[in-house]
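What the coordinates show
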Protein chains: 2
Amino acid sequence: MDDHLRTGRSEGTVGKALDALDLVCAQDRPVRFSELLPLSPWPKGTLYRLLQTLVKQGMLHVEPETGSYTPGLRLVQLAHSAWRKSSLAPIARPHLDALSGKVGETIHLAQLDRGQVLYVEKRNARHPLPMFSEAGKVGPGYCTGVGKAMLAHLPDRERCAALQLQAFHPHTAQTITSAEELEIELAKVREEGIAFDREEHEPGIVCVAAPILSPTGRVLGGLSVTTSTARRPLEDLATLAPLLRETAEMIAEDAADWQFPG
Amino acid sequence: MDDHLRTGRSEGTVGKALDALDLVCAQDRPVRFSELLPLSPWPKGTLYRLLQTLVKQGMLHVEPETGSYTPGLRLVQLAHSAWRKSSLAPIARPHLDALSGKVGETIHLAQLDRGQVLYVEKRNARHPLPMFSEAGKVGPGYCTGVGKAMLAHLPDRERCAALQLQAFHPHTAQTITSAEELEIELAKVREEGIAFDREEHEPGIVCVAAPILSPTGRVLGGLSVTTSTARRPLEDLATLAPLLRETAEMIAEDAADWQFPG
DNA sequence: AAACGTATGTCCAACTATTGAAACAATAGC
DNA sequence: GCTATTGTTTCAATAGTTGGACATACGTTT
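The numbering scheme is per chain: residues are counted from 1 as the chain's sequence reads. Throughout, the order in which chains and ligands are written sets their labels, letters from A for the former and numbers from 1 for the latter. pLDDT decides what is reported in this predicted model: residues at 70 or higher carry local features, side-chain atom pairs at 80 or more are listed and counted, and totals for whole chains, interfaces and linings draw on all residues regardless. Only hydrogens and water are removed before side-chain values are computed, so all heavy atoms of the structure are retained for them.

Now for the overall build of chain A. Looking only at helices and strands, chain A has 10 helices and 8 strands in total. Against the compact-globule benchmark of 18 Å for 262 residues, chain A has a radius of gyration of 20 Å, which places it among compact chains. Principal-axis analysis of the C-alpha atoms gives chain A an extent of 55 × 40 × 40 Å. Only protein chains enter the accessibility calculation, which uses a 1.4 Å probe; a residue whose area is less than 20% of its type maximum is buried, one above 50% is exposed, and one in between is partly exposed. Looking at chain A as a whole, 55% of its 262 residues qualify as buried. For the purposes of this entry, the term helix denotes a DSSP run of H or I that reaches at least four residues, the term strand denotes a run of E that reaches at least two, and both are numbered from the N terminus. In this description the radius of gyration comes from C-alpha coordinates, and the expected globular size is given by 2.2 Å times residues to the power 0.38.

Before going further, it helps to examine helix α7 (residues 156-164) of chain B. Residue and element names in this part refer to chain B. Those residues of α7 not exposed but buried are Arg 159, Ala 162 and Leu 163. Each buried residue of α7 lies within a common arc of 100 degrees when the element is viewed along its axis, so the set occupies one face. Structural note: α7 exposes Arg 157 and Gln 164 on the side pointing more than 90 degrees away from its buried face. For α7, the elements touching its buried residues are α6 (145-152) and α8 (179-192). Directions from the helix axis toward the C-beta atoms define the arc. Between two residues, a contact is recorded if the distance between any of their heavy atoms is within 4.5 Å.

This part takes up the protein's contact with DNA strand D. The full set of residues close to DNA strand D is Thr 13, Lys 16, Pro 43, Thr 46 and Arg 49 of chain A together with Thr 13, Arg 32, Phe 33, Ser 34, Lys 44, Tyr 48 and Gln 52 of chain B. In the model, a phosphate oxygen of DNA strand D is placed 2.9 Å from a nitrogen or oxygen of the Lys 16 of chain A side chain. Arg 49 of chain A has a polar side-chain atom sitting 3.0 Å from a base nitrogen of DNA strand D. Ranked by residue count, the leading element in the surface near DNA strand D is helix α3 (residues 44-56) of chain B, at 3 residues. The nonpolar class holds Ala, Val, Leu, Ile, Met, Phe, Trp, Tyr, Cys and Pro. Asp, Glu, Lys and Arg form the charged class, and all remaining residues, Gly among them, are polar. Tallied by class, residues from the surface near DNA strand D come to 3 nonpolar, 5 polar and 4 charged. When at least one non-hydrogen atom of a residue lies within 4 Å of a molecule or strand, that residue is treated as near it. Here a polar contact is recorded for every N or O atom pair within 3.5 Å, except that within protein the pair must consist of a potential hydrogen donor and a potential acceptor, and residues adjacent in sequence are included only if both atoms are side-chain atoms.

For the rest of this paragraph, the subject is the interface of chain B and chain A. Each side of the interface is counted separately: chain B has 61 residues, and chain A has 59 residues. Accessible area, probed at 1.4 Å, shrinks when two parts are joined; the buried area is that loss added up over both. Summed over both sides, the interface of chain B with chain A buries roughly 5400 Å², with 64% coming from carbon and sulfur. By convention in these notes, a salt bridge is any Lys or Arg side-chain nitrogen within 4 Å of a carboxyl oxygen on Asp or Glu. Here chain B is connected to chain A by 8 salt bridges. Of the charged contacts in the structure, one is a salt bridge between Glu 63 of chain B and Arg 218 of chain A, with a shortest N-O distance of 3.7 Å. Where chain B meets chain A, there are 19 residue pairs in polar contact (both at pLDDT 80 or more). Considering each element in turn, the side of chain B that touches chain A owes the most residues, 14 residues, to helix α4 (residues 73-86) of chain B. Tallied by class, residues from the side of chain B that touches chain A come to 26 nonpolar, 19 polar and 16 charged.

Turning to the protein's contact with DNA strand C, a few remarks are in order. If you check the shell around DNA strand C, you find 13 residues, and the closest are Ser 34, Lys 44 and Tyr 48 of chain A together with Thr 46 and Arg 49 of chain B. What you see for DNA strand C is that sugar and phosphate hold 68% of its atoms within 4 Å of the protein. In this structure, a base nitrogen belonging to DNA strand C sits 2.9 Å away from a side-chain N or O atom of Arg 49 of chain B. Residues that form the surface near DNA strand C fall into these classes: 3 nonpolar, 6 polar and 4 charged.

The criterion is simple. A nonpolar core is a set of buried Ala, Val, Leu, Ile, Met, Phe, Trp, Tyr and Cys residues joined through side-chain atoms within 4.5 Å. Counting 111 residues, the largest nonpolar core has Ile 212 and Leu 223 of chain A together with Ile 212 and Leu 223 of chain B as the members making the most contacts within it. Beyond its immediate sequence surroundings of up to four residues, Ile 212 of chain A is in contact with Leu 88, Leu 109, Arg 218, Val 219, Leu 220, Gly 221, Gly 222, Leu 223, Ala 248, Ile 251 and Ala 252 of chain A.

All right, on to the sheet that holds strand β5 (residues 138-139) of chain A then. All names here are of chain A. Strand pairing follows a simple DSSP-based rule, namely that at least 2 bridges must link the two strands. Taken in spatial order, the 6 strands of this open sheet run β5-β4-β3-β8-β7-β6, and their pairing is antiparallel. Bordering the open sheet on either side are β5 and β6 (195-198), each of which pairs with just one other strand. In the sheet, strand β7 (residues 205-213) pairs with strand β8 (residues 219-228) via 9 bridges, with the strands oriented antiparallel. For Ile 212, the partnering residue across the bridge sits in β8 and is Gly 221.

To continue, consider the pairing of β7 of chain A. Residues and elements named next belong to chain A. The element β7 is extensively covered by neighbouring structure, given that 7 of its 9 residues are classed as buried. Pairing of β6 with β7, which is carried by 4 bridges, proceeds in the antiparallel orientation. Residue pairing in the sheet places Ala 195 in a bridge with Ala 209 of β7. With antiparallel pairing between neighbouring strands as the criterion, β6 and β7 make up a hairpin whose turn holds 6 residues, including Glu 199 at a positive phi of roughly 55 degrees. If you look at the hairpin formed by β7 and β8, you'll find 5 residues sitting between the two strands, and Gly 217 has a positive phi there, around 95 degrees.

Turning our attention to the relation of the copies chain B and chain A. Copies are brought into register by a least-squares superposition over C-alpha atoms of residues with pLDDT of at least 70 in both. Placing chain B over chain A gives an RMSD of 0.1 Å and needs a rotation angle of 180 degrees, together with 0.0 Å of translation along the axis. In symmetry terms, the pair is related by a two-fold rotation axis. Relative to the rotation axis, the C-alpha of Ala 79 of chain B is the closest in chain B, positioned 2.0 Å from it. The residues that chain B uses at the interface reappear at the interface of chain A in 97% of cases, marking a shared surface.

Glancing now at the side chain of Ser 81 of chain A. Inspection of the secondary structure assignment puts Ser 81 of chain A in helix α4 (residues 73-86). In this structure, Ser 81 of chain A is in contact with Cys 25 and Pro 71 of chain B, ignoring residues within four places of it in sequence.

A separate point is unusual backbone geometry. With a phi close to 50 degrees, Phe 168 of chain A is a non-glycine residue in the positive phi region. Within the secondary structure, Phe 168 of chain A is located in the loop between α7 (156-164) and α8 (179-192). Despite not being glycine, Arg 114 of chain B has its phi angle at roughly 55 degrees, a positive value. With respect to the helices and strands, Arg 114 of chain B occurs in the loop between β3 (106-113) and β4 (116-123).

Structure (C-alpha cells):
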C-alpha cells in the first residue's frame, strides 16, 4: 500500500505546486486546508499560497460552503486530452473487450510511470460494462505481473533506474525483495516473453502478463489476466499465454498506426 | 472556434507552466519544441525550461526518437482522479444511458468552467457505445443550450463575472451578441427552467437544455438534447423538456448522495 | 456576553528561483 | 564539407517565493 510514494521534495515552485495537486487528488473526498497541512511538507503560508495559485489556475476547486478542495475542471479538461493521447486505453479498448469475452477473468491494461505500474484500463470478470473510473490506480512494479513484464523489456539504463525506485517490500512470502533477484527473474521473463505473478503481491492472487512492445521494441504497456488460486491454478492460467501475447501484439500494431494519423 | 481562449498571461511560474501544459495538450499530436515556440508567448530559453520542468515532473513525456512532447502519465493519473471526483460523468452515466434510450438523439452533459462550457460526457444518436474520449471539448457559454441553462442559475455576482468572459461572437444570425441581451434571455431561461439553442451556435443545430442544480441551488452542470432542424423542428424537441428536467433532477440527487459517502 | 480556541487568511523583508538575450552545440539539409 | 535549423546552456538582472508573525472569522466554552 505504501509502495508508491512520490519522490519526495521536488525542486522549484512548479514541482511543489504539482505535489500539492497530487496531495489533494490523492484524498478520496473534498479536503479542508487544515487536513492538508499536516500531510504536506510545507509551512502554512506556503501551502496556502500553493493551493490558492492552483485554484486561481482552475486546477483545484473550493466548495464555496465548506471551503474544501477538490480537483478542478481545468484538470478534468486536461484529463480527457491526456487520456486520449497518452494512454493505450482508447486504442486497446476493443481488444480488451475481445480478450475479456474469451477468458472471462479480470484483465488489466497498464503503463509504466517512473517504475510504478499505472492501471489505465480494466475489465472485470463479471460486469460487462467496466468504466474509466475503475482504472487510475497505481501499483508496485517489482511484484506484479504487468510490472515485471514491462520492466523486463526496458533498455538497460532505464531498467536500472526503474529498479532503484522499487520499494521491495515483502508483501508475501513469494515477493522478490532485492534488485539482484529481480534482475534474474526479469531475464527469465524476457526469455519467455511472459511474466507471472505467483502470489507475490497478494496471497491467493496470481496473474499472467505480457508486455506491449512497439515495432522498435520500446515498452508501451502491459496486459494481464488475473485470478485467484481458488478459482484456477496458475498452470491453467499459463495456457492463456499465447492468447495474451497475441492480443498484446494487436494492440501494439494499432498503437503504431495511431501515432500519426495526419 | 476562437471562442474559448485562455485568459492570456498568467501570473507566476506555476501559471506559465500550466499554460505550457495546456499548449501541449491542445495539440492533437506529438509536437516538437520548434512547433510550440511560435505558439507560445515566451522566449526560447523560457519555454525550453518550462517544458523540461514539466517533463521532469512527469506531466509531459518526450518521445525518445522524435523529441516530440505528449501529455505524461502523471497527468493521466491525475486525470482519473479528477474525472472520478470532480466531474458529474461517473454519477450521471446510468441516467444518460436511460435518457439516450428514450430520446435517441445526441445528449451532452456539461459543466461550467470559467464561463465556458466543458462537455464531460456525450451520447451519440446512433452509436450505442459512446466513450470517454468523445468528451472533453470546450465550447462557448453564451450561445449553447447547456451554457445558457447553467449561466442562468448562477448567483448574481458569479453570473456577472461569467458574462464578462463571453466572446459574444456572432456565429449565426441568431447568436446573442451582448451581455444585456443575454441577461434578458437568461431571465427567461430561469423562469422556464429550460434553455433552448435556436441555431445560435451553428446553423441548423438546435437543442433543449436543463440545468442540474444541487439541493441548495448551486449549479452543478447542464444536460442537453441536440438535433438538427432537418430532423426535428424545435417545437418537437421542446416536448422533451419535462423528461430532461426529470433526468437532471435525478442526477442532482445522486450527486448529493455522492459527495460524502463516508 | 466576554473569553477562548481553532481554522483560515494576510503581510513583508530576506532569500531564491526565474528570466531571456546571447553564445554554444548538435543535427539536418544541401 | 559547409550552412541553416533546431535544440541546449550560461549568467547577471529581475521577479517571485518563503515562512514566521500577525490579523480575522467563527463556533464553543465558561
